[in-house]
Amino acid sequence: MQFRDLKKQYQVLKNDIDAGIAEVLASAQFISGPQVKALEAQLAEYVGVKHCITCANGTDAITLAMMAWGVKEGDAVFVPDFTFFSSGECPAFEGATPVYVDVDERTFNLDPVKLEEAIIKVKEEGRYTPKAVVAVDLFGLPADYTRIRPVCEKYGLLLMEDAAQGFGGSINGKMACSFGDISTTSFFPAKPLGCYGDGGAVFTDNDEWAEYLRSICVHGKSANDKYNNIRIGMNSRLDTLQAAILMPKLKAFADYELDDVNKAADMYMEALKDAGLTLPLVPEGFRSSWAQFTTQLPADIVRADLQAALKAKGIPTMVYYPKPMHLQGAFEGTYSAEADCPVTERLCATVLSLPMHPYLTQEDVNEVVSAIKECLA
Ligand SMILES: *Cc1c(COP(=O)(O)O)cnc(C)c1O
């Protein structure tokens, strides 16, 4: 069994993907071909945001957002402690200080109450200037923007949505990648919408930021002259082949994959309801795109042993994530390391992610669940 079955997906979409690739090869417009603009328009429409600017990967997308806001040394950027490294790495790359905030133990997402406490603490200490929040849609579930947005407004902070895992999720019908002042996503192959290499995108309704982002992802070019460089930027573009691959994948995602991955989640929820694991929670009105299906093991289970026993039965599992951000070696001795995040520490010790993708069948789910039940018995 595959953890995320990209081979199966390719079999299903092969004709359209191969045709898209062949078209790019024939045109030889490998950079900034017309497919890139077409994809950006489709992504912006799907998400319901005015501007989509594609770029080289999801990490660059966050860095581009930080650059557009002038995030710099002396700024505090609030980031959930339970996430992938990029969420805090990018503000730190710009010289700012990531302030790690604990998460909700059932949704795995930024805890709005702890966010406000952290902002107040940083303000009182007076060492760093609160500047922005990077909220993360972990495992496909949008963060609680209905409560996070008011906190940002109360303290005058910019809100970025890191939807690298969140693409396709929604809150009361409003799509992920539309909740931030700027939102970002990743097209890394294993993400909900993945390409066949690296890729990413930035979304915003703000015209000025959009123009700035288009400039800095191509060496700070001016709006209509590539060889007139008006600021320092970077080279961060989605190449034409990846755009051509993403268009049929976006169509399949919107037509049935998002529905099917939610059906797979329902199957797990039903089959695991009395297995003794803590299951992920999707609050009322929220929809997840299930980048991961992440359970929590009872404290007395040795996770590595369970993983080995499942692996022996042909079931791959993963630990997302084994280490809180504030304990990463990169932050040793810095203010970022001083975070108090007991929920994240407990989650890092107990989480286990199961095989998850839109092509998972009821038979697959049954196989995973009976293997888990046998191993736990
Ligand atoms: C994958 C991921 C990123 C980075 O995306 P890349 O395309 O791999 O650079 C950022 N944030 C989160 C939460 C992610 O899961």
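Up top is the structure these notes are about.
Residues numbered from 1 in each chain as written. Predicted model: local features only at pLDDT ≥ 70, side-chain atom pairs only at ≥ 80, totals over all residues. Heavy atoms only, no water.

Re the overall build of the chain
Then step 1. Check the secondary structure of the chain and you find eleven helices and 14 strands.
Then step 2. Scaling as 2.2 N^0.38, a compact globule of 377 residues should have a C-alpha radius of gyration of about 21 Å, and the chain matches this with 21 Å.
Then step 3. If one aligns the C-alpha atoms of the chain with their principal axes, the spans along those axes are about 65 × 60 × 35 Å.
Then step 4. Across the 377 residues that make up the chain, the buried fraction comes to 55%.
Then step 5. Sequence-distant contacts, at least 24 apart, represent 71% of the contacts inside the chain between residues at least 6 apart.
Then step 6. One way to put it: in the chain the 34 positive side-chain charges average out to a point 2 Å from where the 51 negative ones average out. (Helix = DSSP H or I, 4+ residues; strand = E, 2+ residues; numbered from the N terminus. Rg over C-alpha atoms; globule rule 2.2 N^0.38 Å. Buried < 20%, exposed > 50% of the residue type's maximum accessible area, 1.4 Å probe, protein only. Contact = heavy atoms within 4.5 Å. Lys, Arg positive; Asp, Glu negative; His and termini not counted. Charge placed at Lys NZ, Arg CZ, Asp CG, Glu CD.)

Some points on the sheet that holds strand β4 (residues 129-136)
Then step 1. Pairing within the open sheet is mixed, and its seven strands lie in the order β1-β9-β8-β5-β4-β2-β3. In this open sheet, the two strands that pair with only one neighbour each are β1 (51-55) and β3 (97-101). For this sheet, the mean inter-axis angle between neighbouring strands, taken without regard to orientation, is 25 degrees.
Then step 2. Two strands pair when backbone bridges link them, and strand β2 (residues 75-80) and β4 are joined in this way by four bridges, in the parallel orientation. The partner of Asp75 across the bridge, within β4, is Thr129.
Then step 3. Here helix α2 (residues 34-47) sits on the sheet and contacts β1 and β9 (200-204); the angle it forms with β1, its principal contact strand, is near 130 degrees.
Then step 4. Helix α5 (residues 112-125) rests against β2, β3 and β4 of the sheet, and its axis sits at about 160 degrees to β2. (Pairing = 2+ DSSP bridges. Axes fitted to C-alpha atoms, helices over the stretch in contact; angles between N-to-C directions.)

Let's talk about the layout of surface pockets
Then step 1. Considered as a void within the structure, the largest pocket measures approximately 500 Å³ in volume.
Then step 2. Forming the boundary of the largest pocket are 26 residues, of which Phe84, Gln165, Phe188, Lys191 and Tyr321 lie nearest the centre.
Then step 3. Every element with two or more residues in the lining of the largest pocket is listed here: α3 (58-68) and α4 (86-93).
Then step 4. With three residues, the top contributor of residues to the lining of the largest pocket is α3.
Then step 5. Grouping the constituent residues of the lining of the largest pocket by class yields twelve nonpolar, ten polar and four charged. (1 Å grid on protein atoms, 1.4 Å probe; cavity = no way out; pocket = protein on both sides within 12 Å on 5 of 7 lines; lining within 4 Å. Points joined across faces, edges and corners; volume = space filled by probe spheres on them. Nonpolar A, V, L, I, M, F, W, Y, C, P; charged D, E, K, R; others polar.)

A closer look at the nonpolar core
Then step 1. Of all hydrophobic cores here, the largest spans 60 residues; its most connected members are Leu43, Phe82, Phe167, Phe203, Tyr268, Leu272 and Met356.
Then step 2. Of all the secondary structure elements, the ones that give two or more residues to this core are α2, β9, α8 (240-271), α9 (303-312), α10 (342-350), β14 (351-354) and α11 (362-376).
Then step 3. Per-element tally for this core: the top contributor is α8, with eleven residues.
Then step 4. Both of domain 1 (6-249) and domain 2 (256-376) provide at least three residues apiece to this core.
Then step 5. Not counting residues within four places of it along the chain, the set of residues in contact with Met356 comprises Phe3, Arg4, Val261, Ala264, Ala265, Tyr268, Trp290, Gln292 and Phe293. (Core = buried A, V, L, I, M, F, W, Y, C linked by side-chain atoms within 4.5 Å. Domains from an automatic or database assignment.)

Some points on the site of the ligand
Then step 1. The immediate surroundings of the ligand are formed by 15 residues, with Gly58, Thr59, Gln165, Ser186 and Lys191 found nearest.
Then step 2. Gly58 has a polar backbone atom sitting 2.7 Å from an oxygen atom of the ligand.
Then step 3. In the model, an oxygen atom of the ligand is placed 2.6 Å from a nitrogen or oxygen of the Lys191 side chain.
Then step 4. Against a free-state accessible area of 380 Å², the protein chains account for coverage of 92% of the ligand.
Then step 5. Most atoms of the ligand, that is more than half of them, are within 2 Å of grid points of the largest pocket. (Near = heavy atom within 4 Å. Polar contact = N/O pair within 3.5 Å; in protein donor to acceptor, adjacent residues only side chain to side chain. Areas by Shrake-Rupley, 256 points an atom, 1.4 Å probe, with all protein chains shown as cover. Sits in = over half its atoms within 2 Å of the grid points.)

Section: the packing of α3 against helix α7 (residues 207-216)
Then step 1. The geometry of α3 relative to α7 is characterised by a closest axis approach of 10 Å and an angle of 125 degrees between their N-to-C directions. Relative to α7, the element α3 lies oblique. The two elements α3 and α7 cross, and the hand of that crossing is right-handed. Across the interface between the two elements, Leu64, Ala65, Met67 and Ala68 of α3 pack against Trp209, Tyr212, Leu213 and Ile216 of α7. (Parallel < 35°, antiparallel > 145°, perpendicular 65-115°, else oblique. Left-handed = near helix turned anticlockwise from the far one by under 90°.)

Section: the pairing of β4
Then step 1. Summarising burial for β4: six of the eight residues are buried, a large majority.
Then step 2. Looking at chain direction, β4 and strand β5 (residues 158-162) are connected through five bridges and run parallel. For Val136, the partnering residue across the bridge sits in β5 and is Asp162.
Then step 3. Between the parallel elements β4 and β5, the chain passes through helix α6 (residues 145-155) in a crossover that is right-handed. (Right-handed = clockwise from strand over helix to strand, strands pointing away.)

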